[in-house]
Amino acid sequence: MKIPLYDTHMHTPLCRHATGMPEEYARVAAEKGFAGITFTCHCPLIDGRSRDVRMDISELDRYQQMVAAARSSYEGRVDVLLGLESDYYPGVEPWLEDLHTRAPFHYILGSVHPHIEEYIQAYFKGDPREFQLVYFGHLADAAETGLFDCISHPDLVKNCYPQCWNPDQILDHICRALDRIAKTGIAMELNTSGLNKVIPEMNPGPLMLRQMRQRDIPVVIGSDSHVPERVGADFRLALDQLRQAGYSEVSYFIERKRRTVTIAELIAELVSSGLDL
Ligand SMILES: [Zn+2]
Ligand SMILES: [Zn+2]
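The model shown is predicted, which means the values in this text are computed figures rather than measured ones.

Trainee: Summarise the coordination of the zinc ion (ligand 1); cite the residues concerned and give the values.
Mentor: Protein ligation of the zinc ion (ligand 1) involves Glu85 (OE), His113 (NE2) and His153 (NE2), the donor distances falling in the range 2.0 to 2.2 Å. For the zinc ion (ligand 1), the single-chain donor residues occur in sequence as E-x27-H-x39-H. The metal-metal distance between the zinc ion (ligand 1) and the zinc ion (ligand 2) is 3.6 Å, with glutamate 85 serving as a donor to both. Placement of the pair is glutamate 85 in strand β3 (residues 79–87) and histidine 113 in the loop between β4 (107–111) and α4 (117–123), with a sequence separation of 28 residues. Taking relative accessible area as the criterion, histidine 113 reaches 6% and is therefore assigned buried.

Listed below in structure tokens is the structure:
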């Protein structure tokens, strides 16, 4: 028995801070009854930028081979897809435009990683609140590039200066970014790994999730697993949070096209199958 849902965000050892081969992630997905998983390892970048936490461009073939091996091992059991977590920052667009054509990706995440040294150097001017505003502006800029299917962990900046995180106070600014994002038709992620970060709530938190719902922004759930055991982690809680925010469906991507499944159907499948996420 499988539930018609994909875990859409996970990594491989090529990013140098994840463990376990793709087969091991697929095994956990099979045990938990997931229909599919999408690998979204950290993209290669130029000029040695944050090279310690991502594959080199010369490893792109190896990445495809690793995911393809898991795909064939689990054929008929778990649909294993190739995706990519691409970093967005102003100026990277031409590189990504080319990179995204170099492999048959099913899904491209657009990520602003505000904790990366080069990002802090460029955009932190001494005021955490200003830094947060720049970050949300960059999320909207990323959406408007048209390079991505989904904006990942879209309030990750809250963990950079957690004592200075007051989303109520910058809600107008967040909403302006969401207005721009909604116009592009892109999806946004509910990332369950946030529960294990400094501010222990998913990315985004409930306040922003409600604002996303009000703008009809589709949501994709991802565990952002860097170890196989976390595949599918806290998906049941994510479904509950989506329902509380007013969502009735979840999205995932195949061949870069968005598909949806209703939360009611997912819950019914969970109950009838006896599976628990
Ligand atoms: Zn990320
Ligand atoms: Zn990730």
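Trainee: Describe in detail the packing of helix α8 (residues 235–244) against helix α9 (residues 263–273), supporting the description with residues and values.
Mentor: Closest axis-to-axis distance for the α8/α9 pair is 11 Å, and the angle between their directions is 145°. Of the two possible hands of crossing, α8 and α9 adopt the one that is left-handed. Packed against α8, whose contacting residues are Arg236, Leu239, Leu242 and Arg243, the element α9 presents Ile263, Leu266, Ile267 and Leu270 at the interface. Of the residues that constitute the contact of α8 with α9, the class distribution is 6 nonpolar, no polar and 2 charged.

Trainee: Quick one: what's the story with α9, residue by residue and with numbers?
Mentor: Of the positions making up α9, those classed as buried are Ile263, Leu266, Ile267, Glu269 and Leu270. In an axial view of α9, the angular spread of the buried residues amounts to 160°, which keeps them on one side of the axis. Residues of α9 that are exposed and point over 90 degrees away from its buried face: Ala264, Val271 and Ser272. If you follow the buried residues of α9, they end up packed against β1 (3–7), α8, β8 (249–254) and β9 (257–262).

Trainee: Any details on unusual backbone geometry? Residues and values, ideally.
Mentor: Proline 204 follows asparagine 203 through a cis peptide bond whose omega is 5°. By the element assignment, proline 204 lies in the loop between β6 (187–191) and α7 (206–214). A positive phi angle is found at glutamate 255, which is not glycine, with a value near 50°. Within the secondary structure, glutamate 255 sits in the loop between β8 and β9. Residue class for glutamate 255 comes out exposed when judged on its relative accessible area of 56%.

Trainee: So, the environment of alanine 68: which residues are in play, and what are the values?
Mentor: Checked against the element boundaries, alanine 68 lands in helix α2 (residues 60–73). Residue classification places alanine 68 among the partly exposed residues on the basis of a relative accessible area of 42%. Separated by 14 residues in sequence, alanine 68 and leucine 82 have C-alpha atoms that sit 7.9 Å apart.

Trainee: I'd like a description of the side chain of asparagine 159, backed by residues and values.
Mentor: Turning to its location among the elements, asparagine 159 is positioned in the loop between β5 (150–151) and α6 (171–184). Given the relative accessible area of 13%, asparagine 159 is considered buried. Separated by 2.8 Å, the side chain of asparagine 159 and the backbone nitrogen of isoleucine 199 make a polar contact. Setting aside residues no more than four positions away along its own chain, asparagine 159 makes contact with Lys197, Val198, Ile199 and Asn203.

Trainee: Requested: an account of the pairing of strand β7 (residues 219–222), with residues and values cited.
Mentor: Residues Val219 and Ile221 line one face of β7 and the alternating positions Val220 and Gly222 line the opposite face, and both faces are buried. Summarising the sheet, β6 and β7 pair through 4 bridges and their orientation is parallel. Bridging from a neighbouring strand, glutamate 189 pairs with valine 220 of β7. Note on the crossover from β6 through α7 to β7: the handedness is right-handed.

Trainee: If you had to explain the pattern of salt bridges to someone new, which residues and values would you point to?
Mentor: Under the defined criterion, the tally for this structure stands at 14 salt bridges. Of the charged contacts, one joins lysine 158 and aspartate 155 as a salt bridge, the two residues approaching to 2.8 Å between their closest N and O atoms. Among the residues examined, aspartate 155 registers a relative accessible area of 2% and is labelled buried.

About the cut-offs
Residues numbered from 1 in each chain as written. Chains lettered and ligands numbered in written order. Predicted model: local features only at pLDDT ≥ 70, side-chain atom pairs only at ≥ 80, totals over all residues. Heavy atoms only, no water. Donors = N, O, S within 2.8 Å, 3.2 Å for Na, K, Ca; no water. Helix = DSSP H or I, 4+ residues; strand = E, 2+ residues; numbered from the N terminus. Buried < 20%, exposed > 50% of the residue type's maximum accessible area, 1.4 Å probe, protein only. Axes fitted to C-alpha atoms, helices over the stretch in contact; angles between N-to-C directions. Left-handed = near helix turned anticlockwise from the far one by under 90°. Contact = heavy atoms within 4.5 Å. Nonpolar A, V, L, I, M, F, W, Y, C, P; charged D, E, K, R; others polar. Arc of directions from axis to C-beta. Polar contact = N/O pair within 3.5 Å; in protein donor to acceptor, adjacent residues only side chain to side chain. Pairing = 2+ DSSP bridges. Right-handed = clockwise from strand over helix to strand, strands pointing away. Salt bridge = Lys/Arg side-chain N within 4 Å of Asp/Glu carboxyl O.

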